[in-house]
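Chain by chain, the residues:
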Amino acid sequence: MYKIDVIISAYNWEDALRKTLLGFTQQTYPYFRILIADDGSDSDTREVIKAFKKKYMIEIIHCWQRDRGFRKARMINKTMKLSKTRQVIFTDQDTIPHPDFVKEHYKRFVPNGILVGGYIRLSKEYTQNLDFKKIKNKDYLSQVTWKRKKVLLWKHVKSLFYQLNPLHSRRPSIMGLNFSIDRQAFLKVNGYDMNYEGWGQEDSDLANRIWKARFPFKSCWNLCLAFHQWHPENPTKKE
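Right, let's walk through the structure included here. (Residues numbered from 1 in each chain as written. Predicted model: local features only at pLDDT ≥ 70, side-chain atom pairs only at ≥ 80, totals over all residues. Heavy atoms only, no water.)

### Some details on the pattern of salt bridges
Where charged atoms from two side chains of opposite charge come close, those side chains can pair.
Link 1 in the chain: Inspection of every chain in the model, using the stated rule, returns nine salt bridges.
Link 2 in the chain: Measuring nitrogen to oxygen at the nearest pair gives 2.9 Å for the salt bridge that ties Asp-5 to Arg-33. Of this pair, Asp-5 sits in strand S1 (residues 4–10) while Arg-33 is found in strand S2 (residues 32–38), placing the two residues 28 residues apart along the sequence. Note on accessibility: Asp-5 and Arg-33 belong to one class, buried.
Link 3 in the chain: With a shortest N-O distance of 3.1 Å, Lys-19 and Asp-15 are connected by a salt bridge. One end of the pair is Lys-19 and the other is Asp-15, both in helix H1 (residues 14–24) and four residues apart, which spans about a single turn.
Link 4 in the chain: Taking the relative accessible area as the measure of exposure, Lys-19 reaches 5% and is therefore buried. (Salt bridge = Lys/Arg side-chain N within 4 Å of Asp/Glu carboxyl O. Helix = DSSP H or I, 4+ residues; strand = E, 2+ residues; numbered from the N terminus. Buried < 20%, exposed > 50% of the residue type's maximum accessible area, 1.4 Å probe, protein only.)

Below is the structure:
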């Protein structure tokens with residue numbers, strides 16, 4: 001019986017989604033279910049999901065809406081209606097989870113709050129050369145260098161400091177690629193604001209409302225790790 005739901009935001013990038021799903025087949029904690037929050041992908045994404053459901057012993061539910069522009073907030077709210085577990089992990093289709101990703105989130109669950117994990121940005125060259133064989137061999141773990149470990153630890157320590165400082169208490173900032181939340185806290189603040197359409201800010205808005213509701217935040221930058229596949233910046237980011 002699964003104890004955690006993992007929601008993966010997806011849209012028309014089948015190669016990245018395959019690699020991310022393959023990473024979830026390697027998890028050391030098996031009691032989870034995947035829900036794909038698909039913001040209007042074409043049939044190729046549907047075929048990728050069908051193939052994984054057939055090949056691997058992992059439960060995947062595909063939740064889809066029509067493509068009418070970037071409507072991630074609406075799509076996640078729709079997908080959350082299918083969630084049954086108290087703890088829900090959020091990530092993206094371009095984010096390969098560490099083998100202990102689900103286990104670390106589960107161990108550090110924050111009742112009525114949010115747990116924020118860290119990530120390593122994979123370079124353009126490494127992402128382009130990362131094939132399924134390398135993922136099966138967990139080659140991406142080689143990117144957790146000593147230097148990067150120190151950076152992750154420093155970000156974790158900074159988050160702890162900010163939480164103790166009343167002028168900077170809205171930390172750690174949440175990122176859609178790696179955080180988990182108590183489903184009850186999500187429902188109490190009424191989920192994502194569906195007025196957000198277009199890229200960006202919907203995660204920050206959710207965090208602000210949870211902070212104002214005085215629900216706890218916890219940093220796990222150095223332990224709950226994910227690997228972000230390189231891609232060009234979204235041109236609407238500044239907007």
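Okay, back to it.
### Topic: the packing of aromatic side chains
Two descriptors summarise a pair of aromatic rings, namely the distance from one centre to the other and the angle between the planes of the rings.
Link 1 in the chain: A full pass over the atoms with the stated rule returns eleven aromatic pairs.
Link 2 in the chain: Here Phe-24 and Phe-32 contribute two aromatic rings whose centre-to-centre distance is 5.9 Å and whose plane-to-plane angle is 50°, an arrangement assigned as tilted. Each member of the pair, Phe-24 as well as Phe-32, is classed as buried.
Link 3 in the chain: Ring centres of Phe-24 and Phe-101 lie 6.0 Å apart, and the angle between their planes is 80°; on these two criteria the pair is classed as edge-to-face. Here Phe-24, found in helix H1, pairs with Phe-101, found in helix H4 (residues 101–107); they are 77 residues apart in sequence, far enough to count as distant.
Link 4 in the chain: An aromatic cluster is present here, built from Phe-90, Phe-179, Phe-186 and Tyr-192 joined pairwise through their rings.
Link 5 in the chain: In this structure, Arg-46 packs its charged tip against the face of Trp-64, placed 5.9 Å from the ring centre. (Phe/Tyr/Trp six-rings, centres within 6.5 Å; stacked < 30°, edge-to-face > 60°. Lys NZ or Arg CZ within 6 Å of the ring centre and 35° of its normal.)

### A look at the side chain of Asp-5
Link 1 in the chain: Taking the relative accessible area as the measure of exposure, Asp-5 reaches 0% and is therefore buried.
Link 2 in the chain: Among the polar contacts listed, one links the side chain of Asp-5 to the backbone nitrogen of Lys-84, at a separation of 3.0 Å.
Link 3 in the chain: In this view, Asp-5 contacts Arg-33, Leu-35, Ser-83, Lys-84, Thr-85, Gln-87, Val-88 and Ile-89; residues no more than four positions away in its chain are not counted. (Polar contact = N/O pair within 3.5 Å; in protein donor to acceptor, adjacent residues only side chain to side chain. Contact = heavy atoms within 4.5 Å.)

### Structural notes on the sheet that holds strand S8 (residues 217–228)
Sheet strands pair via backbone hydrogen bonds, and the direction of the pair is either parallel or antiparallel.
Link 1 in the chain: Read across the open sheet, the eight strands follow the order S3-S2-S1-S4-S7-S6-S8-S5; overall the sheet is mixed. Unpaired on one side and paired on the other, strand S3 (60–64) and strand S5 (95–97) mark the two borders of the sheet. Strand-to-strand, the axes of this sheet are offset by a mean angle of 30°, without reference to chain direction.
Link 2 in the chain: Bridge count for strand S6 (residues 114–121) against strand S7 (residues 179–182) is three bridges, and the pairing is antiparallel. Along S7, the bridge assignment pairs Ile-114 with Ile-181.
Link 3 in the chain: Sheet strands in contact with H1 are S1, S2, S3, strand S4 (87–92) and S5, and its direction is about 15° off that of S5.
Link 4 in the chain: The sheet contacts of helix H2 (residues 43–55) involve S2 and S3, and relative to S3 the element is tilted by about 165°. (Pairing = 2+ DSSP bridges. Axes fitted to C-alpha atoms, helices over the stretch in contact; angles between N-to-C directions.)

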